[in-house]
Amino acid sequence: MKLLTSLLKIGLKLTILGGFIGCLALAAAYFYYAPKLPDVETLRDVQLQTPLRIYSEDDKLISEFGEKRRSPINFQQIPQNYVNALLAAEDRNFFEHIGIDIRGLFRAAFQLASTGQIQSGGSTITMQVAKNYFLTRERSFDRKFNEILLSLRIEQELTKEEIFELYINKIYLGHRAYGIQAAANIYYGKDIDQLNLAQIAMIAGLPKAPSAYNPITNPSRALERRNWILKRMHSLSFINDEDYETAKNEPISAEYHGTPIELYAPYVAEMVRNELYQYFDESLYTNGFRVYTTLNSSMQAAANQAVEDGLIAYTERHGYFGPEKPAAVTQLTQENISNSLAQQRTFGSLQPAIVISTDKQQAEVYIKDHGPATLSWDNLQWAQPYKGPNSRGSAPKEAADIFAPGDLIRVRDIGENNWRLSQIPRVEGALTALSPKDGALKALVGGFNFNHNKFNRAIQARRQPGSNLKPFIYASALEQGYTPATLINDAPVVFHDSNLESNWRPENYSKKFYGPTRLREALYKSRNLVSIRILRSIGIDTATEFLTRFGFDKERLPNNLSLSLGSADITPLELVTGYAGLANQGFKINPYFISRIEDTEGNILYQAQPTTVCAECQYVSDQSAPPADFKLVRLELKGTSATDNSPQTPAQQTDQPLQEQTDSQYSGQQLTNLPVAKRIMQPQTAYMIYSIMQDVIARGTGRRALVLERSDLAGKTGTTNDQKDAWFSGFNKDVAATAWVGFDQPSTLGRSEFGGTAALPIWIEFMDIALANTPDQPIAKPEGIVSIRIDPKTGLLAYPGQEDAIFEIFPEASVPKDTARNPALSNSSGTTRTEEIF
């Protein structure tokens, strides 16, 4: 007995000594590691890596850039079922413990002592927060001890709700999903609070092994894990019997959901990304910026459809190129067809399809992401073989003349599953639309399809605008004293230029000459020789200076008479910016496409301050001083030159980061806190050119636009030599838009293609939607403009009783003083004369 007692005393002493030594060791370890621990307080301001998201002005998601898909939420947004599911799966005592699980730690210590490695960490949610935010994934004593100490500190500094929130927003859950909200979006296409119990349990099972328990890539193991969690929830009384049985029997409903793009505008998304990357570098993709553009979602969608429809219509007019890949499938089994189509991409509405069979004047096809379909003869007979831009082969008589079984083709749904044979156009196009009031970009399409070709023709393609530039030449002449009734001689002219190998003999497209022509008629009928004579009369320097007011780059304007025919190199965005200056009645605006930038908390980091037309403001000369109280502070990143016509962004409005801005053009009562647009054209000139351009649509080369049944539209067609470029630009007071069609490598569109046939239909389709629900309100006539009856042949005042007289507008100071001769009066008194012909 004494021996036993002695042994017990020795054991007790050894235990006490061991405990004391252990406490000393722990204390030493604490004092060694504690000073090296990171500051837990930083978790309150942690910046989770969140992708860049780009939106339209009406909050439609356009694009997302960043490797990690994450949408952080707060604790109040987490459904209770998910809280319970995660506790059941990971840490049932989370809301009771001090940050560590003693039993789990002893288990880990035993593994370390017996195997030399920690196989299961016994980690609590708090410990995983410490590891995920501060530590590496290394399995070692040092890392584990740091984890324990950090967990204890985290529990002292943060609430349980804050810790839980940090955990569920950080964890990786497979398929680029970080956090439970992103996981819910990716696996179910819903937010976490919209999921049912079975789906929530599935998400709760992912943190342990996102790949092994993934419902998409490993559904059987995912189902097993989900049901184990449901059973745990039931045993812990988190759910009742009925809920458990219902959820347990739910089939797996997970499938991959990509970023839920609500508005297709990839060209603009890339413009935003490219603009901001130069300032934020790679952090642009992780800081969670929300960029709101100026795009109007309905206008952008209309632009997308209009460009696609216009280019497909062009390609159908010129014939069928043939199957995209003949004999793509030799053995027409379902597996072979599906494998072949899986390798093909969809471009816009053009779906890849495999021809299954042909039967006289119809064909059976199998369409990717759709299945079997029948092509009727109405949707096939257009496919005459393409022979060139000006010729096609014989019309097909049956489907077998067009393609054969096994061929890969393209089809598009033209409504109610009515499938039509189509093809990827080789021609390209662009459409840009601005608000004339402040230059906000409302829609932009840079090509047929961004995934097919990422070159943004709207801002990168410099092409000759042809007659689309003429309105600016004519407006310049009106500023110099011409009137819409001024006569100009449409007659042959020869120019000798030592830089050319031969003399230049310009001509009208019709090859005809029409003699004395009123300026109005010359523009709406697009007479080339009149335009040349006008430019020669007013002077190239005068016209060039006038064009630069509208933002055109002087360095790219030719210093010769070919300028009158639009031989400059101009992008569609530059051209529509100029037309916006016509639409707003003569004010200089700058295009911009970023409205504001917010951080993850909704704080505004940048707000655009666009130069804005203020029609009620008084304008004075550049030399006069503005009121002392008219000042504006804008947050900007850099400036651009006065002739830079690229869109304004945070980088393009001033020279200094924080700078007081004043506008020397403003005088009178302050009506806006935005910078006021400068007047660049007299109101009378602006109204006259608008009136003339209305006639382009009413009776000129843009008559197709009459289908819109609006009286407030004005515009101009444009076609370059050999029909290499087709344009239409037009506007009302609310929207200015430019459409362009051409080949990337300039070549003829075909002798029957013009601005009015290739580009105008695109513009019409777009404007039909863009102007829907907007009033038809022609621009108001300014003071100093009068309407007078004139003789249409001479431009002079109409004689009394003249039956063919027409009304024309004039500045009050330029009304003709002479009256046209009445041909019925053979013995004229000579009081009339013919207007000077230029």
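Residues numbered from 1 in each chain as written. Predicted model: local features only at pLDDT ≥ 70, side-chain atom pairs only at ≥ 80, totals over all residues. Heavy atoms only, no water.

Peer 1: Explain helix 17 (residues 528-538) to me, please; I cannot follow it from the model alone.
Peer 2: In an α-helix, one turn spans 3.6 residues, which is why side chains three or four residues apart end up on the same side. Most of helix 17 sits inside the fold, with nine of its 11 residues counted as buried. The elements touched by buried residues of helix 17 are helix 15 (470-479), strand 13 (487-490), strand 14 (515-518), helix 16 (519-524) and helix 18 (540-549). (Buried < 20%, exposed > 50% of the residue type's maximum accessible area, 1.4 Å probe, protein only. Helix = DSSP H or I, 4+ residues; strand = E, 2+ residues; numbered from the N terminus. Contact = heavy atoms within 4.5 Å.)

Peer 1: Whenever I open this one, the packing of helix 7 (residues 180-188) against helix 8 (residues 197-204) confuses me. Can you help?
Peer 2: Between two packed helices, what matters for the description is the angle formed by their axes and the separation of those axes. Contact pair helix 7 / helix 8: the axes reach a minimum separation of 11 Å and the direction vectors enclose 120°. What the angle tells us is that helix 7 and helix 8 run oblique. Relative to helix 8, the crossing made by helix 7 is right-handed. Touching I180, A183, A184, Y187 and Y188 of helix 7 are Q199, M202 and I203, all from helix 8. (Axes fitted to C-alpha atoms, helices over the stretch in contact; angles between N-to-C directions. Parallel < 35°, antiparallel > 145°, perpendicular 65-115°, else oblique. Left-handed = near helix turned anticlockwise from the far one by under 90°.)

Peer 1: Even after reading the chapter, I still don't get the side chain of T717, so can you show me in this structure?
Peer 2: Relative to the assigned elements, T717 resides in strand 23 (residues 714-719). T717 sits in the buried class, given a relative accessible area of 6%. Here the side chain of T717 touches K716 through a polar contact of 3.4 Å, side chain to side chain. Excluding its chain neighbours within four sequence positions, the residues that come into contact with T717 are S467, N468, V696, T701, G702, W727, F728, G755 and G756. (Polar contact = N/O pair within 3.5 Å; in protein donor to acceptor, adjacent residues only side chain to side chain.)

Peer 1: Hey, could you run me through the confidence of the model for the protein chain in this one?
Peer 2: Predicted coordinates in areas of low pLDDT are best not read in detail. Per-chain confidence: the protein chain averages 86 in pLDDT, with 82% of residues scoring 70 or above. Counted against residues more than four places away or in other chains, residues 25-33, with its pLDDT under 50, gives 11 contacts. In the predicted structure, residues 828-836 sits below a pLDDT of 50 and forms 13 contacts with residues beyond four places in sequence or in another chain. (pLDDT = per-residue confidence, 0-100.)

Peer 1: Looking at this structure, I do not really get the sheet that holds strand 5 (residues 362-367). What am I missing?
Peer 2: The strands making up a sheet are joined through hydrogen bonds of the backbone, oriented either antiparallel or parallel. Read from one edge of the open sheet, five strands run 6-5-4-9-10, paired in antiparallel fashion. Only two strands of the sheet have a single partner each, and these edge strands are strand 6 (371-375) and strand 10 (419-422). Between one strand and the next, the sheet's axes are offset by a mean angle of 45°, whatever the strand orientation. As judged from the four bridges shared by strand 4 (residues 351-359) and strand 9 (residues 408-413), these two strands associate in the antiparallel manner. Of the residues in strand 9, the one forming a bridge with I354 is L408. Here helix 12 (residues 297-317) sits on the sheet in contact with strand 9 and strand 10, set at roughly 130° to strand 9. Against the sheet, helix 13 (residues 334-342) contacts strand 4, strand 5 and strand 9, and its axis sits at roughly 145° relative to strand 4. (Pairing = 2+ DSSP bridges.)

Peer 1: Which parts of the structure should I look at to understand the packing of helix 2 (residues 80-90) against helix 8?
Peer 2: Where helix 2 contacts helix 8, the two axes come as close as 9 Å, and the packing angle between them is 45°. Put simply, helix 2 runs oblique to helix 8. Seen along the crossing, helix 2 lies across helix 8 with a hand that is right-handed. Across from N81, Y82, A85, L86 and A89 in helix 2, the residues of helix 8 making contact are L197, I200, I203 and A204. Each residue belonging to the contact of helix 2 with helix 8 can be placed in one class, and the counts come to eight nonpolar, one polar and no charged. (Nonpolar A, V, L, I, M, F, W, Y, C, P; charged D, E, K, R; others polar.)

Peer 1: What's the story with the environment of I604 in this structure? I'm lost.
Peer 2: As for its position among the elements, I604 is in strand 17 (residues 604-607). Remark: the alpha-carbon pair of I604 and R290, spanning 314 residues in sequence, is separated by 9.4 Å. Those residues in contact with I604 that sit more than four places away from it in its chain are R596, I597 and E598.

Peer 1: Would you explain helix 2 in this entry?
Peer 2: Helix 2 sits mainly inside the fold: eight of its 11 residues count as buried. When helix 2 is considered as a whole, its buried residues turn out to be Y82, V83, N84, A85, L86, L87, A88 and A89. Each element contacted by the buried residues of helix 2 is listed here: helix 4 (125-134), helix 6 (160-170), helix 7, helix 8 and helix 9 (219-235).

Peer 1: Explanation requested: the pairing of strand 11 (residues 428-434) in the structure shown.
Peer 2: The two faces of the sheet receive side chains in turn, since in a regular strand these alternate between them. Of all seven residues that make up strand 11, seven are buried, and the element is covered over most of its length. Residues E428, A430, T432 and L434 of strand 11 are buried on one face, and the alternating residues G429, L431 and A433, pointing to the opposite face, are buried as well. Inspection of the sheet shows strand 11 paired to strand 25 (residues 736-742) by seven bridges, in the antiparallel sense. Each residue of the ladder has a partner; that of A433, found in strand 25, is A737. Examined bridge by bridge, strand 11 and strand 12 (residues 441-445) share four bridges and lie antiparallel to one another. Bridging across to strand 12, A433 finds its partner in A443.

Peer 1: Looking at this structure, I do not really get the side chain of Q384. What am I missing?
Peer 2: Here Q384 lies in the loop between strand 6 and strand 7 (386-388). Looking at Q384, the relative accessible area reads 19%, which means it is buried. Here R392 takes part through its side chain, which lies 3.3 Å from a polar atom of the side chain of Q384. Leave out the neighbours within four places in its chain, and Q384 touches G319, Y320, R392, G393, S394, A395 and P396.

Peer 1: Help me out: how do you make sense of the packing of aromatic side chains in this one?
Peer 2: When we look at a pair of aromatic rings, we describe it by the centre distance and by the angle of the planes. All chains considered together, the criterion is met by 22 aromatic pairs. Ring geometry for Y509 and F754: centres 5.0 Å apart, planes at 80°, overall edge-to-face. One end of the pair, Y509, is in the loop between strand 13 and strand 14; the other, F754, is in the loop between strand 25 and helix 21 (755-770), and 245 residues separate them in sequence. According to the relative accessible area criterion, Y509 is exposed, its value standing at 55%. Ring-pair connections join several aromatic residues into one group, and the members of that group are F472, F546, F550, F552, Y579, Y687, Y690 and F731. Seen from the ring of F94, K160 lies directly overhead, with NZ or CZ sitting 4.6 Å from the centre. A cation sits over an aromatic face here: R273 above Y277, 5.9 Å from the ring centre. (Phe/Tyr/Trp six-rings, centres within 6.5 Å; stacked < 30°, edge-to-face > 60°. Lys NZ or Arg CZ within 6 Å of the ring centre and 35° of its normal.)

Peer 1: Hey, could you run me through the sheet that holds strand 2 (residues 61-65) in this one?
Peer 2: An order of 2-1-3-16-17 is seen for the five strands of this open sheet, with the pairing classed as mixed. Each edge of the open sheet is held by one strand with a lone partner, namely strand 2 and strand 17. Adjacent strand axes in the sheet meet at a mean angle of 15° when their direction is disregarded. Here strand 16 (residues 594-598) runs beside strand 17; their pairing, made up of three bridges, is antiparallel. Bridge pairing in strand 17 links E598 to I604. The strands that helix 11 (residues 266-280) touches are strand 1 (52-55), strand 2, strand 3 (290-293) and strand 16; relative to strand 2, the one it contacts most, it runs at about 45°.

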